[in-house]
Amino acid sequence: MIDGADQPWTRSTCPYGGVGCGVLLRRDGDGGLEVKGDDAHSANLGRLCSKGTALAETVGLDHRLLRPRVNGQDAGWDDAPGAVGALLMLLRMKEETAEEIAGFAEAASSTAPTSPPADLDWPSYAAGRTRGQPWFLLSARLVADTGHRVLLHGWNGPDRKVRDGLAEAGIGLAEDPEDAARLLDRDRIAYMPLKSLHPGLFRLLNLRDVLGLRSCVNTVCRMLNPARAAASVKGVFHPFYRQLQADAAMHLGWQALSIIKGAGGEFESNPAKDITAFGLRQGRPWQETRPVLRDETRKLNTEGDLALSDLWQGLRRPPFETDLVVTTTALALDTLGHANAVRQADLLWQNRARRCAA
């Protein structure tokens, strides 16, 4: 057996508390750890509080709670949603890091059913309370008309605007990966609900009904990229999450990503505001601000009688909504690497109008 007295001391920092006290650590010869304060550290000069003094007791797993317990009995994670929720809330309270989001997203992707390949990943997880019509669906449809395979996925709670808008936009709803593959081969675009895409994540997302708050699972869903597409577009409601998701994408090795503060948290560009996009180009950090196109004050959650099909078929041609669809399309095309994306998006819309008129 190794005598602890013969082991060298290693300098480290106590992880408890905000001071960062210096500690000296060495193995004690019995599989444990010996701890004392570091006399040379300016923060504590060798002194330790009760937490630092007991630091060695936190190293092993013998007395740790490693699984949920209900009424004193071991239980599975599915049987203890409150335990899972508590962990998720702690992550949200301390603000989840890019590394944590990347790790959760990678783990979720590895346990999801294999999705068919796609060129563009387009998540949709906004709650819907702050948005009007889902005009971005028409933009996704235009991108698919260029020949790119676009996989939308999401969950919007009780709000049915996105679900109801799929048929109007000519986008099929896939109930499983095989259905998605068929739609992508036929139409080059498909929407897959999270409940079918990843039932486990869907259950975690719906813990909001238990907790009364959103958790980091909302961000993980946006980072799922089930088709492992080389390009992804995302909308967020809170600006903080733009950089968080861009950093997480770098950890995941993504190549092309555009994130904007969109209507209700969707990837949707408001032509009455300057739009700052964050993300990646060729795997490197990228940022760009696009100027205001229309000198008017408009909110995208304004309810009206304009339907997606009215705009797509050219029955009505309001300039604001038209510019919204075209600029959103242009940013998606730019993410896919198209040169002159704004001009191309405009031509796509014009050609679509001619086909509808015919």
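Before reading further, recall that the structure is shown in the block above.
About the thresholds
- Note on numbering: residues in each chain are counted from 1, in written sequence order.
- Owing to the predicted nature of the model, reporting of local features is limited to residues with pLDDT of at least 70; listing and counting of side-chain atom pairs is limited to 80 or more, with chain, interface and lining totals taken over all residues.
- Derived side-chain values reflect all non-hydrogen atoms in the structure, with water molecules and hydrogen atoms excluded from consideration.
- Paired rings are identified among Phe, Tyr and Trp, the last through its six-membered ring, by centres lying within 6.5 Å, and are further divided according to the angle between planes into stacked (under 30 degrees), edge-to-face (over 60) and tilted (the rest).
- Elements are defined by DSSP. Helices are runs of H or I of four residues or more, strands are runs of E of two residues or more, and each kind is numbered from the N terminus.
- The classification of residues rests on relative accessible area computed with a 1.4 Å probe and restricted to protein chains. Under 20% of the type maximum is buried, over 50% is exposed, and intermediate values are partly exposed.
- A ring is scored as having a charge over it whenever the NZ atom of a lysine or the CZ atom of an arginine sits within 6 Å of its centre and within 35 degrees of its normal.
- Pairs of cysteine sulfur atoms within 2.5 Å are what we label disulfides.
- Whenever a nitrogen or oxygen atom comes within 3.5 Å of another N or O atom, the pair is scored as a polar contact, on the condition that within protein one atom can donate a hydrogen and the other can accept it, and that pairs from neighbouring residues in sequence are kept only if both atoms are in side chains.
- Note that the arc is computed from the directions linking the helix axis to the C-beta atoms.
- A contact between two residues is defined here by any heavy atoms of the two lying within 4.5 Å.
- We define a nonpolar core as any set of buried Ala, Val, Leu, Ile, Met, Phe, Trp, Tyr and Cys residues linked to one another through side-chain atoms lying within 4.5 Å.
- Note on geometry: axes are C-alpha line fits, over the in-contact stretch for helices, and angles between N-to-C directions span 0 to 180 degrees.
- Angular relationships are summarised with four words: roughly parallel below 35 degrees, roughly antiparallel beyond 145, roughly perpendicular across 65 to 115, and oblique for the angles in between.
- It is the rotation of the near helix from the far one that decides the hand of a crossing: anticlockwise by less than a right angle makes it left-handed, clockwise makes it right-handed.
- Here the term charged refers only to Asp, Glu, Lys and Arg, the term nonpolar to Ala, Val, Leu, Ile, Met, Phe, Trp, Tyr, Cys and Pro, and the term polar to all other amino acids, Gly among them.
- Throughout this description, the term salt bridge denotes a Lys or Arg side-chain nitrogen within 4 Å of a carboxyl oxygen of Asp or Glu.

Q: Hey, could you run me through the packing of aromatic side chains in this one?
A: What characterises a pair of aromatic rings is the spacing of the ring centres plus the angle enclosed by the ring planes. For the coordinates displayed, the defined rule picks out five aromatic pairs. Measuring from centroid to centroid gives 5.1 Å for tryptophan 155 and phenylalanine 202, while their planes differ by 80°, and the two rings are edge-to-face. Residue tryptophan 155 is located in the loop between β7 (150–154) and α5 (161–168), and its partner phenylalanine 202 is located in helix α8 (residues 199–205); the two are separated by 47 residues in the primary sequence. Assessed through its relative accessible area of 25%, tryptophan 155 is described here as partly exposed. Between phenylalanine 240 and tyrosine 241, the ring centres sit 5.0 Å apart and the planes meet at 75°, which makes this aromatic pair edge-to-face. What links up through ring pairs into an aromatic cluster is the set Trp122, Phe136 and Phe267. Between lysine 261 and the ring centre of phenylalanine 237, over which it is positioned, the NZ or CZ distance is 5.0 Å. In this structure, arginine 352 is placed above the aromatic ring of tryptophan 349, and the distance from its NZ or CZ to the ring centre is 3.6 Å.

Q: Where do I start with the state of the cysteines in this structure?
A: Put plainly, two cysteines are in a disulfide when a covalent bond ties their sulfur atoms together. Within the structure shown, the criterion is met by zero disulfides. Unpaired in this structure, cysteine 21 has its nearest cysteine sulfur neighbour in cysteine 14, at a distance of 6.3 Å. Residue classification places cysteine 21 among the buried residues on the basis of a relative accessible area of 18%. Summary of cysteine pairing: cysteine 221 is not part of a disulfide, and the nearest cysteine sulfur, belonging to cysteine 216, is at 9.7 Å.

Q: What should I look at first to understand the side chain of threonine 328 in this one?
A: By secondary structure assignment, the location of threonine 328 is in helix α13 (residues 319–335). Polar side-chain contacts of threonine 328 include one of 2.8 Å to the backbone oxygen of leucine 324.

Q: I keep staring at helix α6 (residues 177–187) and nothing clicks. Help me out?
A: In an α-helix there are 3.6 residues to a turn, and that puts residues three or four apart on one side. Of the residues making up α6, those classed as buried are Pro177, Asp179, Ala180, Leu183 and Leu184. Summarising the axial view, the buried residues of α6 lie within an arc of 155°, below the 170-degree limit, and thus occupy one face. Away from its buried face, by an angle of more than 90 degrees, α6 presents the exposed residues Glu178, Asp185 and Arg186. On its buried face, α6 is in contact with β7, β8 (172–173) and β9 (189–193). Measuring from the backbone nitrogen of glutamate 178 back to the side-chain oxygen at the start of α6 gives 3.1 Å, which picks out aspartate 176 as the cap. Trailing α6 by a residue or two, arginine 188 shows a phi angle of about 65°, which is positive.

Q: Would you explain the nonpolar core in this entry?
A: Generally speaking, a soluble globular protein has its nonpolar side chains buried in company with each other. Ranked by internal contacts, the top residues of the largest apolar core, which has 44 residues, are Leu120, Trp122, Val150 and Leu152. Considering every element that reaches this core, the biggest residue donor is α13, with eight residues. Formed by 40 residues, the second largest nonpolar core is a distinct cluster that contains Ala105, Tyr125, Leu197 and Trp254.

Q: I keep staring at the packing of helix α3 (residues 98–111) against helix α11 (residues 240–251) and nothing clicks. Help me out?
A: Geometrically, a packed helix pair is captured by the angle between its two axes and the distance between the axes. Put simply, α3 and α11 touch, their axes get as near as 8 Å, and they point 60° apart. With respect to α11, the axis of α3 lies oblique. In this structure, the crossing between α3 and α11 has a hand that is right-handed. Within the contact between the two elements, α3 uses Ala98, Glu99, Ile101 and Ala102 and α11 uses Leu244, Asp247, Ala248 and His251. A per-class count over the contact of α3 with α11 returns five nonpolar, one polar and two charged.

Q: I would appreciate a short explanation of the pattern of salt bridges in the present structure.
A: When the charged atoms of two side chains with opposite charge come close together, those side chains can pair. Within the structure shown, the criterion is met by 14 salt bridges. Its salt-bridge partner being arginine 182, residue aspartate 179 comes within 2.6 Å of it at the nearest N-O pair. With aspartate 179 and arginine 182 both in helix α6 and three residues apart, the pair spans about one turn of that helix. The class for aspartate 179 is buried, based on a relative accessible area of 16%. Under the relative-accessibility criterion, arginine 182 is labelled partly exposed at 43%. Within the structure, one salt-bridge network assembled from shared partners comprises Arg281, Glu288, Arg290 and Asp334.

Q: How should I be thinking about unusual backbone geometry in this particular structure?
A: Leave glycine aside and you will find that most residues have negative phi; peptide bonds, for their part, are mostly trans. One non-glycine residue with positive phi stands out, namely arginine 188, at about 65°. Inspection of the secondary structure assignment puts arginine 188 in the loop between α6 and β9. Phi is positive for arginine 228, close to 55°, though the residue is something other than glycine.

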